Amino acid sequence: MTLDRDAFMRYSRHLLMADVGEQGQETLLESRVLVVGLGGLGCPVALYLTAAGVGHLTLCDPDNVDLTNLQRQILYTEADCGEPKVDCALVALRALNPSVTFNTHCAVVGDSVLPEGGADFDVVIDCTDNLAARHWLNRRCHELGIPLVSAAALGWEGQLMTFDFARGSRPCLACAIPEDAGEPLANCGNSGVIGPVLGVMGSLQAIATLRLLLKGTNGADNEPYRPLLQRFDGRRETWTRFAIRPVSQCPVCGDEQPETHGNDIHQDKNTERKQL
Amino acid sequence: MIKVLFFGRLGDIAGAEERKVSVPEQVRTVDDLRQLLGEDGEALAKALNEPQVMVAVNQDLVEWDHVFEDEDEVAFLPPVTGG
Ligand SMILES: [Zn+2]
């Protein structure tokens with residue numbers, strides 16, 4: 001693929017960067033990314049990836065736009081209320097960058113979006129609002145060896161975890177949050193959330209995705225992404241990072257499970273600490 | 001003495017983000033510590049015992065049977081799952 005004149009202008013701020021450049025932009029244009037959930041996280045994620053020229057985006061969300069969404073879900077307008085989010089998002093994103101190809105699923109994420117036998121995605125982004133969907137994505141991405149970028153928010157707090165399953169199979173989301181924990185009592189619907197906290201977390205998901213996609217191009221490092229839990233506290237504007245350790249009895253990536261993808265991401269404890 | 005950190009909503013419930021705690025000898029694991037802290041009040045006990053709460057020692061996520069040491073920093077993180 002070569003960039004045409006318009007693409008040169010549109011992506012000029014990428015092309016100016018030594019570690020993106022023409023080769024990196026071509027990589028992005030050939031990339032396939034699945035965005036699961038088009039709420040407060042999925043909106044900024046989809047906007048930034050579309051703007052960046054991530055060439056093939058698949059969007060998945062079962063819901064219609066509701067008036068209560070507009071406080072934070074920045075893809076939608078008042079006129080969209082009652083319409084499927086995927087349809088409204090598609091109109092807005094196509095207007096932003098018509099060279100991106102989109103697939104949409106107005107459904108809860110499942111086998112039809114991410115089949116057991118294999119799926120053609122370079123990165124999956126978890127922008128869902130419940131643990132059941134998050135754990136389903138974790139299992140499937142782990143199985144398929146697809147990197148998973150998972151974020152969440154509530155109130156003034158945000159959280160981000162990136163699992164680079166293409167380069168290392170452990171740890172996984174279930175090492176940090178047990179699969180059988182059920183849903184917490186507090187959610188955005190009953191406890192509220194600050195819109196820009198979702199914007200911060202969604203922007204970070206988009207950054208993590210671009211980094212994952214660009215790994216190995218232009219001599220960029222191809223090391224596995226470090227498995228960290230990052231917490232953002234919007235009331236103090238502070239970040240805290242925690243190392244996620246592989247749990248030996250983890251039902252998804254634990255010792256009884258066959259090792260299928262690459263090596264252990266787990267690093268020496270002392271090395272990890274220094275990098276935190 | 002250990003340093004206990006309550007993140008986000010847990011800090012609101014505990015009335016402090018940070019607390020220095022001297023722990024009796026029989027309190028060894030982070031789960032023991034959670035039960036000890038929960039003696040302060042029903043609301044904190046309930047919030048700390050939600051099954052999705054995470055716990056970290058010196059910025060490493062650990063399991064609930066992890067044995068902490070003197071001078072450790074133990075952080076409790078309330079669940080955040082919205083999107
Ligand atoms: Zn695991």
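Presented here is an overview of the structure given in this document. Just so you know, these numbers come straight off a predicted model, no measurement behind them. (Residues numbered from 1 in each chain as written. Chains lettered and ligands numbered in written order. Predicted model: local features only at pLDDT ≥ 70, side-chain atom pairs only at ≥ 80, totals over all residues. Heavy atoms only, no water.)

This part takes up the overall build of chain B. Regarding its fold elements, chain B presents three helices and five strands. Its helices and strands in sequence order give chain B the pattern β-α-β-α-α-β-β-β, from N to C terminus. In terms of overall size, chain B behaves like a compact globule, its C-alpha atoms giving a radius of gyration of 12 Å where 83 residues would be expected to give roughly 12 Å. Each principal axis of the C-alpha atoms in chain B carries an extent, and together these give about 40 × 25 × 20 Å. (Helix = DSSP H or I, 4+ residues; strand = E, 2+ residues; numbered from the N terminus. Rg over C-alpha atoms; globule rule 2.2 N^0.38 Å.)

Counting from both sides, the interface comprises 40 residues of chain A and, opposite them, 24 residues of chain B. When the buried surface of chain A facing chain B is broken down by residue, Glu157, Arg231 and Phe242 of chain A rank first, second and third, together holding 20% of it. Across the contact surface, chain A and chain B share four salt bridges. For Arg235 of chain A, the salt bridge goes to Asp12 of chain B, with nearest N and O atoms at 3.2 Å. Linking chain A to chain B there are 15 residue pairs in polar contact (both at pLDDT 80 or more). Listed by contribution, the elements that provide at least two residues to the side of chain A that touches chain B are α6 (131–144), β5 (148–154), β6 (157–163), β7 (228–233), β8 (238–243) and α10 (269–275) of chain A. At four residues, β8 of chain A tops the list of elements feeding residues into the side of chain A that touches chain B. (Contact = heavy atoms within 4.5 Å. Buried area = accessible area lost by both parts, 1.4 Å probe. Salt bridge = Lys/Arg side-chain N within 4 Å of Asp/Glu carboxyl O. Polar contact = N/O pair within 3.5 Å; in protein donor to acceptor, adjacent residues only side chain to side chain.)

If you trace the backbone, Ala220 of chain A turns up in the loop between α9 (195–214) and β7. When its relative accessible area of 28% is taken as the criterion, Ala220 of chain A is described as partly exposed. (Buried < 20%, exposed > 50% of the residue type's maximum accessible area, 1.4 Å probe, protein only.)

Below, the discussion takes up the coordination of the zinc ion. Residues and elements named next belong to chain A. Those donors, Cys172 (SG), Cys175 (SG), Cys250 (SG) and Cys253 (SG), are the protein atoms that reach the zinc ion, and they lie 2.3 Å from it. For the zinc ion, the four donor atoms are set out with angles of 93 to 128 degrees between them, so the coordination reads as tetrahedral. Read in sequence order, the donor residues for the zinc ion give the motif C-x2-C-x74-C-x2-C. Here Cys253 lies in the loop between β8 and α10 and Cys175 lies in helix α7 (residues 173–176), a separation of 78 residues in the sequence. The class of Cys253 is buried, set by a relative accessible area of 2%. (Donors = N, O, S within 2.8 Å, 3.2 Å for Na, K, Ca; no water. Tetrahedral: all angles 85-135°; square planar, octahedral: opposite > 155°, others 65-115°.)

So, on to helix α5 (residues 85–96) of chain A. All names here are of chain A. In this model α5 runs 16 Å from its N-terminal to its C-terminal C-alpha over 12 residues, within 8% of the 16 Å that 1.5 Å per residue would give. When we look at burial in α5, the residues that qualify are Lys85, Val86, Cys88, Ala89, Leu90 and Leu93. Turning to α5, the residues buried within the fold contact α4 (42–52), β2 (56–60) and β3 (101–105). (Expected span 1.5 Å × (residues − 1).)

Working definition: two side chains of opposite charge can pair if their charged atoms are close together. Across all of its chains, the model carries 16 salt bridges over all chains by this definition. Connected via shared salt-bridge partners are Asp111, Arg140 and Glu143 of chain A.

All names here are of chain A. Counting through the fold element by element, Thr238 comes out in strand β8. Taking relative accessible area as the criterion, Thr238 reaches 36% and is therefore assigned partly exposed. What Thr238 contacts, discounting residues up to four positions off in sequence, is Arg231, Phe232 and Asp233.

With that out of the way, let us pick up helix α2 (residues 30–38) of chain B. Since there are 3.6 residues in each turn of an α-helix, residues three or four apart along the chain are aligned in direction. Residues and elements named next belong to chain B. Taken as a whole, α2 has its buried residues at Val30, Leu33, Arg34, Leu37 and Gly38. Seen from one end, α2 has its buried residues packed into an arc of 135 degrees, which puts them on one side. In this structure, the buried side of α2 is in contact with β1 (2–6), β2 (18–21), α3 (42–48), β3 (54–57), β4 (60–62) and β5 (73–77). (Arc of directions from axis to C-beta.)

All names here are of chain A. A complete count under the given rule lists zero disulfides over all chains for this structure. For the unlinked cysteine Cys106, the closest cysteine sulfur is that of Cys60, found at 8.8 Å. We classify Cys106 as partly exposed; its relative accessible area is 45%. (Disulfide = S-S within 2.5 Å.)

Our next topic: the side chain of Gln159 of chain A. Turning to its location among the elements, Gln159 of chain A is positioned in strand β6. With a relative accessible area of 3%, Gln159 of chain A lands in the buried category. In this structure the side chain of Gln159 of chain A is engaged in a polar contact, spanning 2.5 Å, whose partner is the side chain of Arg231 of chain A. Setting aside residues up to four positions removed in sequence, Gln159 of chain A forms contacts with Ser150, Ala151, Ala152, Ile177, Met201, Leu229, Gln230 and Arg231 of chain A together with Met54 and Val80 of chain B.

The subject of this paragraph is the packing of aromatic side chains. Residues and elements named next belong to chain A. Going through the model one piece at a time under the given rule, you end up with five aromatic pairs over all chains. The interplanar angle of 40 degrees and the centroid separation of 4.8 Å between the aromatic rings of Phe232 and Trp239 together place this pair among those described as tilted. The class for Phe232 is buried, based on a relative accessible area of 11%. (Phe/Tyr/Trp six-rings, centres within 6.5 Å; stacked < 30°, edge-to-face > 60°.)

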